[in-house]
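An overview of the molecular structure
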Amino acid sequence: MAYTLRRLIQPGEWVLIASGAVMVVGAVAMHIGQEFYVEFWFAAKVLYGIGVVLIVYKLFRNTS
Amino acid sequence: MEIGIENLVAFARQLGLAVAGAAALWAFVFLVCSRTCRSDTSQIIFHWIAGRLQWLMYGGIVLGTTSWLALSLFYEVFAHEGITLYPTAYEVMAAFPITAPGYLVLLVLSLVGLTVRWHSPRVFHRYALGYFLAQFLVLLSITSFSSAWSGEVSAEKAFFVLHSVHSIFTLGTVLVLDFLFLSAKSSRTLQQHIFPLFPWISAVIWIGLGIDFLSVALVFDDAVMLTSRFFFSQTVVGILIINGILLSGPITRKILSSLEHGFESIGKRWLLFADIAGTVSITSWSAITFIDFFPEVPLSYVQLIGIYLTVIAVLFVGHNLWERYDTAEPRLEGRV
């Protein structure tokens, strides 16, 4: 299963998935705690930025 | 539930402009592709796609323009993450005269385009590239200043502009992507030409969402409000990122691989994943844009998630019905 997932999903995509997961977990945690956890917000956005850069880089590299 | 009519109309305006802008952008891109590719079949197919997108663009223009005309002076601007900022009444009123000429140009361009296409398709074909580019640029400028304008440069104003503009690249492009996906499902020839472009279209969507995140970062200190709407938006944004990656990554690659191997079947399970992911994508983008315009939703987090899941289920059924009945194929004369 882990091997199949590793084969199917590229590194940049993993980073974006992690970003989305942090966002969902953060939202649920904030909903329960009724408090804004700025660490979740920034971690998700930083991961998102890295993921997008990796994906766009891969696209250009595959095209050229 | 307090849903003011002005909120619905503001949502319709944003949706219409986003779809029209994205359709004009991608019609332009497909026309460029058709003029740069060597194969006759590709040229015809890319022209056909641009022609289909044209109607989506006109639909968006009608929705956006009529909504703009119907809107009262009561405007509000909200970010996709449930973060809230209110433009002042002055900024809201100032946006009217700034965008009015843009709407006028948009309508004149559309009427001229439709008339020329009706009477002389060859002339329209000759100028179609410039036409779609002009439509896109007008829509981009209208969308930039549609929510608020004060004439000064500040982080808050940059937020308003970036937050409005990004919907062309996110919600609008997602709807165009699904429109293309549905259009191509009944034809393998179409799939061969359209599906390889999906990773690029997805990259534009990711960059568009990045623009929204950047815009929120500009006003971060003033913007966070801990409401069920905020938590819901955060959750849906997270879901749409994960779902979008699965759709534009493994699922698209699987489909492309099957096309490369002589249309070998990708299997029912993959098709089901693709259908579910497409439905979740459209629902999520629409949900976060919709809730942007309703700052005081009197629903709990659980209720909002419940409605969101119900809409996904309903759209999934509708999606499958569309697939069953839409069998459109490109006409070989290749007219736009």
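Everything numeric in this text was worked out from a predicted model, so none of it was measured.

**Thoughts on the overall build of chain A**
When its secondary structure is counted, chain A shows three helices and zero strands. Each helix (α) and strand (β) of chain A, taken in turn from the N terminus, gives the series α-α-α. Here the C-alpha radius of gyration of chain A, 15 Å, is well above what a compact globule of 64 residues would show, namely 11 Å. Its C-alpha atoms put chain A at 50 × 25 × 10 Å along the principal axes. Considering chain A as a whole, with its 64 residues, one finds that 34% of them fall into the buried category. For chain A, the share of sequence-separated contacts (at least 6 apart) that also reach a separation of at least 24 residues comes to 61%.

**Observations regarding the overall build of chain B**
Broken down by element type, chain B carries 11 helices and two strands. The order of helices and strands in chain B, counted from the N terminus, is α-α-β-β-α-α-α-α-α-α-α-α-α. In chain B, buried positions account for 44% of the 336 residues. Sequence separation of 24 or more characterises 86% of the internal contacts of chain B that already satisfy a separation of 6 or more.

**A short note on the interface of chain B and chain A**
Each side of the interface is counted separately: chain B has 21 residues, and chain A has 25 residues. With 11 residues, the single largest contributor to the side of chain B that touches chain A is helix H9 (residues 228-260) of chain B. A breakdown of the residues in the side of chain B that touches chain A according to their chemical character gives 16 nonpolar, five polar and no charged.

**What about the confidence of the model for chain A?**
In the predicted model, chain A carries a mean pLDDT of 86, and the fraction of residues at 70 or more is 95%. Here helix H1 (residues 2-8) of chain A stands out as the element of chain A with the lowest mean pLDDT, 72, in contrast to helix H2 (residues 11-33) of chain A, whose mean of 91 is the highest.

**Focus: the packing of helix H4 (residues 121-145) of chain B against helix H5 (residues 155-184) of chain B**
All names here are of chain B. Relative orientation of the contacting elements H4 and H5 amounts to 140 degrees, with a least axis distance of 7 Å. Taken together, H4 and H5 sit at an angle that is classed as oblique. Considering how the two elements wind past one another, H4 and H5 form a crossing that is right-handed. Contacts from Leu140, Thr143 and Ser144 in H4 reach Val161, Ser164, Val165 and Ile168 in H5. Of the residues that constitute the contact of H4 with H5, the class distribution is four nonpolar, three polar and no charged.

**Notes on the packing of helix H10 (residues 268-292) of chain B against helix H11 (residues 301-325) of chain B**
Residue and element names in this part refer to chain B. The N-to-C vectors of H10 and H11 enclose an angle of 130 degrees; their axes lie 9 Å apart at closest approach. When the interaxial angle is binned, H10 and H11 end up oblique. The interaxial crossing formed by H10 with H11 has right-handed handedness. Counting all contacts with H10, which are made through Asp275, Ile276, Gly278, Thr279, Val280, Ile282, Thr283 and Ala287, the residues of H11 involved are Tyr308, Val311, Ile312, Leu315, Phe316, His319 and Asn320. Taken together, the residues that form the contact of H10 with H11 break down as nine nonpolar, five polar and one charged.

**Examining the nonpolar core**
Residue and element names in this part refer to chain B. Ranked by size, the top nonpolar core spans 95 residues in total, and within it Ala23, Ala24, Ala27 and Val176 carry the most contacts. At 16 residues, the largest contribution of residues to this core is made by helix H1 (residues 5-36). The contact partners of alanine 27, leaving out residues within four places of it in the chain, are Ala50, Leu53, Gln54, Met57 and Phe132.

**Quick notes on the environment of leucine 218 of chain B**
Residue and element names in this part refer to chain B. Note on placement: leucine 218 falls in helix H7 (residues 198-218). Expressed as a C-alpha distance, the spacing of leucine 218 and phenylalanine 159, which sit 59 residues apart in the sequence, is 6.5 Å. With residues near it in sequence (within four places) discarded, leucine 218 still touches Ala155, Ala158 and Phe159.

**Some remarks on H2 of chain A**
For H2 of chain A, which comprises 23 residues, the first-to-last C-alpha distance of 32 Å matches the rise-based estimate of 33 Å (1.5 Å per residue) to within 8%. Among the residues trailing H2 of chain A, glutamine 34 of chain A stands out with phi positive, at a value near 55 degrees.

Calculation rules
- Residues numbered from 1 in each chain as written.
- Chains lettered and ligands numbered in written order.
- Predicted model: local features only at pLDDT ≥ 70, side-chain atom pairs only at ≥ 80, totals over all residues.
- Helix = DSSP H or I, 4+ residues; strand = E, 2+ residues; numbered from the N terminus.
- Rg over C-alpha atoms; globule rule 2.2 N^0.38 Å.
- Buried ≥ 20, exposed ≤ 12 C-beta atoms within 10 Å, placed from the backbone.
- Contact = placed C-beta atoms within 7 Å.
- Nonpolar A, V, L, I, M, F, W, Y, C, P; charged D, E, K, R; others polar.
- pLDDT = per-residue confidence, 0-100.
- Axes fitted to C-alpha atoms, helices over the stretch in contact; angles between N-to-C directions.
- Parallel < 35°, antiparallel > 145°, perpendicular 65-115°, else oblique.
- Left-handed = near helix turned anticlockwise from the far one by under 90°.
- Core = buried A, V, L, I, M, F, W, Y, C linked by C-beta atoms within 7 Å.
- Expected span 1.5 Å × (residues − 1).

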